[in-house]
Every structure is written in C-alpha cells, then in structure tokens.
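For reference, the chains in residue letters:
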Amino acid sequence: MADTPRPGPRPAQLLRRLRRGLFASHLDTLITVVLAVVCGSGLWSLLHWTFLQADWAVVQDNIRLYFNGNFPVSQIWRSWSWLGLLGVLCILTLMPSRLLPPAMVRLLPLFWVLILPIGLLLLAAGLGFEPVKSRFWGGLQLSLLLTLGTILMALPLGILMALARRSSLPLLRWLTTGYIELMRGMPLIAVLFFGQLMIPLFLPEGWTFSRVLRAVLSLGFFMAAYMAEDVRGGLQSIPKTQLEAARSLGLSPLLTIALVELPQALRTALPALANQCVASLQNTSLLAYLGLIELLGISRSILANPNYLGRHLEVYLWLALVYWAVCILMTSLARRVEHSLNVTGHH
Amino acid sequence: MHAMPSNSLKRFAIMPLLLALASCATAPEEKVSLLEQVKSNGELRCGVSGRLPGFSFVTSEGAYTGLDVDICRAVAAAVLGNPDDVAYTQLTAAQRFTALSSGEIDMLSRNTTQTLSRDSAGGNGLAFAPVVFYDGQGVMVRKDSGITNLEGLEDKTFCARAGTTTERNLNDVMQAEGIAYELVKFETPDQMEGAYLAGRCDAATADRSSLNSSRAGFEAPDEHVILDEVLSKEPLAPATVDGDSQWADAVRWVVHGLMAAEEQGITQGNIDDQVTSATSGENQENAAIRRFLGIEGDLGAKLGLPNDFVVQAVRAVGNYGEIYDRHLGPDTPTFIPRGLNDSYVNGGLHYAPPFN
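Computed from a prediction, not measured in an experiment: that's the story for all the values here.

> Got a sec to walk through the overall build of chain A? Specific residues and values, please.
Helix and strand counts for chain A come out as 14 helices and zero strands. Ordered by position in the sequence, the α and β elements of chain A form the string α-α-α-α-α-α-α-α-α-α-α-α-α-α. With respect to the principal axes defined by its C-alpha atoms, chain A has extents near 70 × 65 × 45 Å.

The structure is reproduced here in structure tokens:
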C-alpha cells in the first residue's frame, strides 16, 4: 500500500494510526462516536451504581454463606482449610515449574486427584472429626466439590467410552454410541431432574442416596458423553501409520492404546476437555433449581432474608464476579497444563 | 434341543421375581409409622422452600427461620423435645411431592396450597395438616395511579408469572366481571418485579404474601398498594404422606395446639406460669386446661406423643400468633395484616377443635 506511515515522532504516529482506524470516513466517525457514547454511558452508570447506589451489606454480611453454605460454625475451619488447600494447589500448579522441586511437579496430578477424597474426609467425617451431613455443604465449596467430582468421574468414563466407541466389538461399539447419542440428545436439566426426582422413586424403600451424590452422578454421566466425543476427536487425529508401526514393534493392543494412542489423543483433546471442565462448573448452578444450596442456591436463600429484600442486582453482580474468577482460574490452570505437555512432549 | 437346562434356567429367573413380589405384598403390614421412625432417628426431616421471605430463609448466621420453619420446629419440639432436632431440605415446587413420597423427608412445610387433587389418593396422595396461612392472589398498583379496585384496571396492563395458576385465576375473575385487560408474562418473580417497577405494566399480580415481600424490597414501598380484592383461595398447609394416619394426626394436633394456645392466651412467655397454675395454682380445678397442658389425662399418649407435647411446642416457638408476629407481624419488613389468619376469636379463620 502507498500510505505506509511516514517516520515521525511516536505520539504523532499513534495519533495517525488512531485516526486511520477510527475516523477514516464520515461513516467510521459516526460509528466510533455512537459506540463510544453507548459504551461510555453504560460503563458510567454501572460504576455509578456500583459505588454510589448499591448496598453491599448483602454481600459483606453473608460472606460465610457464599463460601461455606450453612456449614456448622464450630466446624467451619474444616471448610476453610479445604478451600485453602485447593487454593494452594492452584498456586503450585500455576507457578513456573523450575521454582518447584521436580518431585513435586511430578506429584501434582496425584494431588489433584486426591483433593476430592481429602475434601470429602474433611467435610463429611473421618479422622475423628464430628460428622457433618451433606445437607450442610453449600455455597462455593459445594459448587467446587460438585465440579471436581464431576470431572474426576467423567474424564475416565469419557476416555473408556471413546475407546469403546472405536472398539472392534460391535456390541460394545453400539452400546457406547447409543449411550453417547442419548446423553447428547437430552438437555442437562432433564438429566438432573431425572437424577433428583426419579432415582429416589426407583430405589427400594429405606434406601436413600444423598442429593449431592445424585447430583454428581447425573452431572458425571452427562459430561462423560461429551468428554468421550472430545477424546474420540483426539484419537482420530492419530495417523494410522503409527498404529501399524506400534504393531510391527510388537506392542500389544493395550500397550498401543496406553503408550501410543492416548498420550497423543489427550494432548490434542486438551483444549476441548478444559472447555468441558469450565462448563461443568457453570452447569452446577442449574442445581439451584433443584433445591441444592450451592453458590446460586444459597444466594437465593439469602435474597429471601427480609433484611436484604430487593438486593438482587448486588447479589447477582457479586455472583458473576465469583464465577468469573473461578473460571479464569480454571482456564489458566488448563493453559498451564497444555503448556507443560507441549514442552515435555516436543519431538 | 436342550429343553431341560432352559427350563431350569427360567425357574431360576422367576424365583427372585416371586420373592420380590412377596416382599412387596408383605411390606405394608410391617411398615412402621413415621412417628416411630422420627423418634428413633432423633431428628425430623422437614422439607422447606428456603427461599420465601417470612416463610423460610437462611439468616446470615446460616440458620433456617420463618413461619414454615417454626412449624417444623414446633413438631420437632413436640415429638423429640428439642426444636433444633430438625434436618432441613430445600425443595422446589417440582420436587416437593416426590421428596415426601420417596421418604426423603418426613413432613413438608413449604407454602403448599391445599387442593383436592393434592389431597386425594388419585392425585399426589398427601395428608394435609391444618392451614397455617390463608393466602390469596392479589393485585399491586402504584398509589399515585388512583386505582382502588379491579374495575379501575379496565384496559390496563398486568404483569404476571408465566405458567402459574396466577394467570388462569386472573383470567377467570376478569372474565366473570367483564373487565378487559392486557397481560405481560415473565419467567421469574425478579423479572416481573423489575418490569412492574420500570412501568412496563400498571399492575402486578401474584400471591399476596409474595407481592408483599416484593414490595418490602422496593426503594419506596409506600408508593405501592395491594388492593383489597382477593382473586383466589390459597390455603397453605403442611403435609405428610398419605396412609400414615398416626404421623399425620401427630403433626395435625401439634398445629392445632399452637392455635389453641393462642385462643387461650398461652404464650412462650407465660407457659411455665400456666403450667404451675394448672398444677397447683388457681387453675388446678380447670380440667380443660389441665388436659390441654398434659397435666391430667392422656391426650398426648393417644397420639403417640408425650402428654405435654403442646407445652413443649409452645415453649420452643410460642403460640401461632407469636410465630406469625415474629415473621409477618407489624415489626417485620414482611408485614402482612393478619386478616383471615387471625384466630376465630378475633374474626379470623384459625379455629382449633377441642382437646378432649
């Protein structure tokens, strides 16, 4: 192009670029001005409301409820320490790996798997603590517990199903394909309703499954179908020649899967899987409509407190912030894992 | 063909089925009343909404409170002697009946309107306790609109929640009165509230108790009025599962006891004096009050409860009037005038049968 920027002092250059980008023609100028006014006034009224009109007592007074639900106050340290452990684990994972002892880096995935049983032990009972029933679990702590439970259940199940869908045994292949298509054809809320309403009716009298467990099972079975498809995508990206090479090296089918197929497939599927993990956090909020007091559910109970009537905007803005923060954390963890796999796996 | 093995296989397959059927047939006879189960569990599993201002919500300390919650507490106090022995489960409208019939909860205290189909075995199969709150659909308008009755709403716009009975009730009443109107529907109460405040409609319609709590959250509650006209009957009552009359009777008479206590002026504050007075004071000749307080006779034992179950309940949560005032009285943000919810002594509908 002819109009390459002439050399000049930096501010002038910047100004010229701005002018070319935003005010090149009359139409451009009009669009820029209209957009600036609309965005500016929107931002202004949001800030004005946030700092001058909003009454944040509804958030400040109930911090404990948002994070721990109505966990018994005498035992609340257990709830905080689990959230704390989770935080430490996030920090360790996000730290550059050269700052950590190599043994620690290798053990991190194990810690991530162990954090759920540790959480259950801390929150429910065991280790000589007073048992706390699952109906006292609530708030962000319950949302995270549900998310972790879902992921830890759905990921192995999804990998198994992805392999089964490519199996040479027709019955196995048809069953998994049928299952995956069934789950993908149903809205999540229907699956959750089934889990919360129908399972208790089918169970023999006297049997009860806690609602949290029922929620994890329904979320996990649902999410597994999606994860299976993500992993299958990864499996399909592996060239056939690699399998032939593995066979000619004398690897058994099981070893071929474990050493050749899965490591590559999972690396390819990682962005999609991370996406599912973030989605599974947000899916837990649907359980508020089924009476669970996870983050959104407990907020609705707080809103029913006559002292905070009509404070919906404050609460929902705060919730948006919390969900956003957790999601950002999850995506940066995923990026970190992706990065480390790419580095160690370079050929 | 190998007929023998397949036959014996069939027999094997049928055996467990027969066993299962047999156990189904004998199950009802062995069934223990929930009353005994609650006593042996040491806690009452109570289903509440947890999201209704004045009726059930969670305080900043994490405790459940509200009118519906106090009914659970009263039953726990009467049956177990401690109002805190309650395990609350939050239930949505869709879940509440399943939770009861699957045995996830022992009683439901969740703003449930008593209707024929919910009561009957052909419907939801519930057993209702006495009504604890007479609600009804109401209409809220802006005070400066000058509207004072339904006729004033001719050709005006109503905001209502979609898919609820509210919509149908409004239609029934307006059609009967021959008043034309327009309707805008919303998915959630928050949306409806927001639309009404933004002036999207001239009137909002919902149950009076919920209109009232919406209004309490407005910036200027005094600028809105709830019209006197009531468009529907919504008698809200606790419920237990059908077919367990011992448990249903126990819950029913605890609620009656709370109302009877109010009729007789027995309160949380004076309950101990009342007991002393009936045991050895001026009321020791008053057989009716002695029976009511469980000092003589075996009214409680007939229900499978301690004889002083009313004393336990009133000591724990107060009489019905006190419960009402604590959560919906003039000193609360969710004030609703007692109206139909007053004792029959004061012209309301609450009337306890005799404790004989």
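> Report on the overall build of chain B, specifying residues and quantitative values.
The number of helices and strands found in chain B is 14 helices and 14 strands. The principal-axis extents of the C-alpha atoms in chain B amount to approximately 85 × 80 × 40 Å. Out of the 356 residues belonging to chain B, those deemed buried represent 44%. Put simply, 70% of the contacts in chain B that link residues at least 6 apart link residues at least 24 apart.

> Describe in detail the interface of chain A and chain B, supporting the description with residues and values.
Facing 27 residues of chain A, the contacting portion of chain B comprises 29 residues. Breaking the side of chain A that touches chain B down by element, the ones donating at least two residues are α4 (63-68), α9 (188-202) and α13 (295-303) of chain A. For the side of chain A that touches chain B, the element with the highest residue contribution is α13(A), accounting for five residues. Residues that form the side of chain A that touches chain B fall into these classes: twelve nonpolar, ten polar and five charged.

> A description of the nonpolar core should follow, citing residues and the corresponding values.
Leu44(B), Ala74(B), Val75(B), Val79(B), Val254(B), Leu258(B) and Ala313(B) are the most contacted members of the largest nonpolar core, which totals 133 residues. A per-element tally of this core places helix α10 (residues 211-236) of chain A first, with 13 residues. Setting aside chain neighbours within four positions, we find Leu44(B) in contact with Val38(B), Cys72(B), Val75(B), Ala76(B), Val79(B), Leu80(B), Asp85(B), Val86(B), Asp106(B) and Met107(B). Membership of the second largest hydrophobic core comes to 19 residues, among which are Val139(B), Leu150(B), Leu153(B) and Cys201(B).

> For the pairing of strand β9 (residues 157-161) of chain B, give the residues involved together with the corresponding values.
Residues and elements named next belong to chain B. For β9 and strand β10 (residues 182-186), the ladder comprises five bridges, and the chain directions are parallel. Within the sheet, the bridge partner assigned to Thr157 lies in β10 and is Glu182. Judged from the two bridges that link them, β9 and strand β11 (residues 203-207) form a sheet pairing that is parallel. Looking across to β11, one finds that Phe158 is bridged to Ala203.

> I'd like to hear about α9(A), residue by residue, with values.
For α9(A), which comprises 15 residues, the first-to-last C-alpha distance of 20 Å matches the rise-based estimate of 21 Å (1.5 Å per residue) to within 8%. The largest bend along α9(A) measures about 30° and falls at Gly195(A). Those residues of α9(A) that fall on the buried side of the exposure criterion are Val191(A), Leu192(A), Gly195(A), Gln196(A) and Pro200(A). Here the buried face of α9(A) lies against α10 of chain A together with α4 (96-101) of chain B.

> Please give an account of the packing of helix α9 (residues 245-263) of chain B against helix α14 (residues 320-328) of chain B that cites residues and values.
Residue and element names in this part refer to chain B. For the pair α9 and α14, the least separation of the axes is 6 Å and the interaxial angle reads 95°. Of the possible angle classes, the one that applies to α9 and α14 is roughly perpendicular. Residues Leu258, Met259 and Glu262 of α9 touch α14, and the partners they reach there are Tyr320, Gly321 and Ile323. The residue makeup of the contact of α9 with α14, split by class, is four nonpolar, one polar and one charged.

> Lay out the sheet that holds β11(B) in plain terms, naming residues and giving numbers.
Residues and elements named next belong to chain B. As summarised here, the arrangement of the five strands in space is β10-β9-β11-β8-β12, forming an open sheet in which the pairing is mixed. Strands at the two margins of the open sheet, each flanked by one partner only, are β10 and β12 (224-226). Adjacent strand axes in the sheet meet at a mean angle of 30°, parallel and antiparallel pairs treated alike. By the bridge criterion, three bridges tie strand β8 (residues 137-142) to β12 in an arrangement that is antiparallel. Bridge pairing in β12 places Arg142 opposite His224. Where helix α6 (residues 165-177) meets the sheet, it contacts β8, β9, β10 and β11, and its direction lies at approximately 145° from that of β9. Packing against the sheet, helix α7 (residues 189-197) makes contact with β9, β10 and β11, and its axis sits at approximately 165° to β9.

> Account for the packing of helix α7 (residues 139-165) of chain A against α10(A), naming residues and giving values.
All names here are of chain A. Relative to each other, α7 and α10 sit at 45°, their axes nearing to 6 Å. Here α10 runs oblique to α7, going by the angle between their axes. Viewed along their axes, α7 and α10 form a crossing whose handedness is right-handed. On α10, the residues that touch Leu146, Gly149, Thr150, Met153, Ala154, Leu155, Leu157, Gly158, Ile159, Met161, Ala162 and Arg165 of α7 are Ala215, Val216, Leu219, Gly220, Met223, Ala224, Met227, Ala228, Val231, Arg232 and Leu235.

> Hey, could you go over helix α1 (residues 10-22) of chain A for me, with residue numbers and the actual values?
The terminal C-alpha atoms of α1(A), which comprises 13 residues, lie 18 Å apart, in line with the 18 Å expected from a rise of 1.5 Å per residue. For α1(A), the tally of buried residues reaches only zero of 13 residues, placing the bulk of the element at the surface.

> An account of the environment of Ala288(B) is needed here, citing residue identities and associated values.
Relative to the elements of secondary structure, Ala288(B) occurs in helix α11 (residues 287-292). Ala288(B) sits 68 residues away from Asn356(B) along the chain, and the two C-alpha atoms are 7.9 Å apart.

> Explain the confidence of the model for chain B to me, and be specific about the residues and the numbers.
All names here are of chain B. Of all residues in chain B, 91% attain a pLDDT of 70 or more, and the chain-wide mean is 89. Per-element averaging of pLDDT across chain B places helix α1 (residues 3-30) at the bottom with 46 and helix α3 (residues 67-80) at the top with 98. Here residues 1-29 is modelled with pLDDT under 50, and outside its nearest four sequence neighbours on either side it reaches one contact, counting other chains as well. Predicted as a complex, the structure gets a pTM of 0.86 and an ipTM equal to 0.84.

> So what about unusual backbone geometry? Which residues, and what values?
Where the residue is not glycine, phi is negative for most of them; where a peptide bond is considered, it is trans in most cases. Residues and elements named next belong to chain B. With a phi close to 35°, Asn111 is a non-glycine residue in the positive phi region. By C-beta crowding, Asn111 is classed as buried, having 25 other C-beta atoms within 10 Å. Unlike most non-glycine residues, Asp155 shows phi in positive territory, near 60°. Looking at the element boundaries, Asp155 is found in the loop between β8 and β9.

What counts as what
- Residues numbered from 1 in each chain as written.
- Chains lettered and ligands numbered in written order.
- Predicted model: local features only at pLDDT ≥ 70, side-chain atom pairs only at ≥ 80, totals over all residues.
- Helix = DSSP H or I, 4+ residues; strand = E, 2+ residues; numbered from the N terminus.
- Buried ≥ 20, exposed ≤ 12 C-beta atoms within 10 Å, placed from the backbone.
- Contact = placed C-beta atoms within 7 Å.
- Nonpolar A, V, L, I, M, F, W, Y, C, P; charged D, E, K, R; others polar.
- Core = buried A, V, L, I, M, F, W, Y, C linked by C-beta atoms within 7 Å.
- Pairing = 2+ DSSP bridges.
- Expected span 1.5 Å × (residues − 1).
- Bend = angle between axes of the 7 residues up to and from the residue.
- Axes fitted to C-alpha atoms, helices over the stretch in contact; angles between N-to-C directions.
- Parallel < 35°, antiparallel > 145°, perpendicular 65-115°, else oblique.
- Left-handed = near helix turned anticlockwise from the far one by under 90°.
- pLDDT = per-residue confidence, 0-100.

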